[in-house]
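Reading the structure
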Amino acid sequence: MARTTTMPPRTRRQALHHPLRFPTIVLLIIAGAAHIPVTPEHLKEAPYIGYLFLALTVVCFALALILPRYDTPAVWAVVIAVSLAAVLAYVVSRMVALPEIADDVGNWTEPLGLLSITSEFAAAALGLVALQSTRRR
């Protein structure tokens, strides 16, 4: 009798080698870099925002380094969560007067802000596509 072998189910640790990882890496670098020029002024004006910008920059760069090696559903989920959180924070800061940065309300067209939310939103969208395509495999 012939012996059949089956492939083990994909685990969270197995790399997906998804083709969207490389454009997502570029978007994460853009998102992180877009916050660098405005971080010093925010550290003076509203330190909590400055520290959040620093954290977001570090996390975006870290994810850009991690994603090529650990292209897993868990990492994609973190990319999506971080990116959407950043977009949400931008939207809230433009709609509600946050402490020490009330002057951002209504300032939807700030160039670095538009660059960051565009890259963050695109990274989240690519992450969702990557996760959906892995579920179909």
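For the structure given in this document, a descriptive report is provided here. For every chain, the first residue of the written sequence is number 1, and numbering continues from 1 onward in sequence order. Local features in a predicted model are, by the rule used here, given only for residues with pLDDT of at least 70; side-chain atom pairs are given and counted only at 80 or more, and totals for whole chains, interfaces and linings are based on all residues. With hydrogens and water excluded, all non-hydrogen atoms of the structure serve as input to the side-chain values.

**Looking at the overall build of the protein**
Counting from the N terminus, the helices are the DSSP runs of H or I reaching at least four residues and the strands are the DSSP runs of E reaching at least two. The secondary structure content of the protein amounts to five helices and zero strands. Along the protein, from the amino end to the carboxyl end, the secondary structure elements read α-α-α-α-α. Of the accessible surface of the protein, which amounts to about 8400 Å², a share of 70% is contributed by carbon and sulfur atoms. In these tables, accessible area is a Shrake-Rupley quantity obtained with a 1.4 Å probe, and a residue counts as shielded only by the protein chains included in the view.

**A look at the pattern of salt bridges**
Here, a salt bridge means any Lys or Arg side-chain nitrogen found within 4 Å of an Asp or Glu carboxyl oxygen. Applying the stated criterion across every chain yields a total of two salt bridges. Put simply, Asp 104 and Arg 94 hold a salt bridge, and the shortest N to O gap is 3.7 Å. With a gap of 10 residues between them, Asp 104 in the loop between α4 (73-95) and α5 (111-135) and Arg 94 in helix α4 connect regions that are remote in the sequence. There is no split in this pair, since Asp 104 and Arg 94 are both buried. Three exposure classes are used, based on accessible area relative to the maximum for each residue type with a 1.4 Å probe and protein chains only: buried under 20%, partly exposed in between, and exposed over 50%.

**Re the side chain of Thr 39**
Looking at the element boundaries, Thr 39 is found in helix α2 (residues 39-45). For Thr 39, a relative accessible area of 5% puts it in the buried group. Counting of polar contacts relies on pairs of N or O atoms within 3.5 Å, with two restrictions inside protein: one atom must be capable of donating a hydrogen and the other of accepting it, and residues adjacent in sequence are counted only when both atoms are side-chain atoms. Looking at Thr 39, its side chain comes within polar contact range of the main-chain oxygen of His 35, at 2.6 Å. Among residues more than four places away in sequence, those in contact with Thr 39 are Gly 50, Phe 53 and Leu 54. Throughout, a residue-residue contact means that at least one pair of heavy atoms, one from each residue, lies within 4.5 Å.

**Here's the deal with the nonpolar core**
A general trend in soluble globular proteins is that nonpolar side chains are found buried together. As used in this record, nonpolar core signifies buried Ala, Val, Leu, Ile, Met, Phe, Trp, Tyr and Cys residues forming a set joined through side-chain atoms within 4.5 Å. Core analysis: the largest hydrophobic core is formed by 21 residues, its most contacted members being Leu 28, Leu 63 and Trp 76. Sorting the residues of this core by element identifies α1 (21-35), α3 (47-66), α4 and α5 as the ones contributing at least two each. Top contributing element to this core by residue count: α4, with six residues. If we skip the residues at most four places from it in the chain, Trp 76 touches Leu 16, His 18, Leu 20, Arg 21, Thr 24, Leu 67, Asp 71, Leu 126, Gly 127, Ala 130 and Leu 131. Counting five residues, the second-largest nonpolar core is a separate cluster that includes Val 38, Ala 46, Ile 49 and Phe 53.

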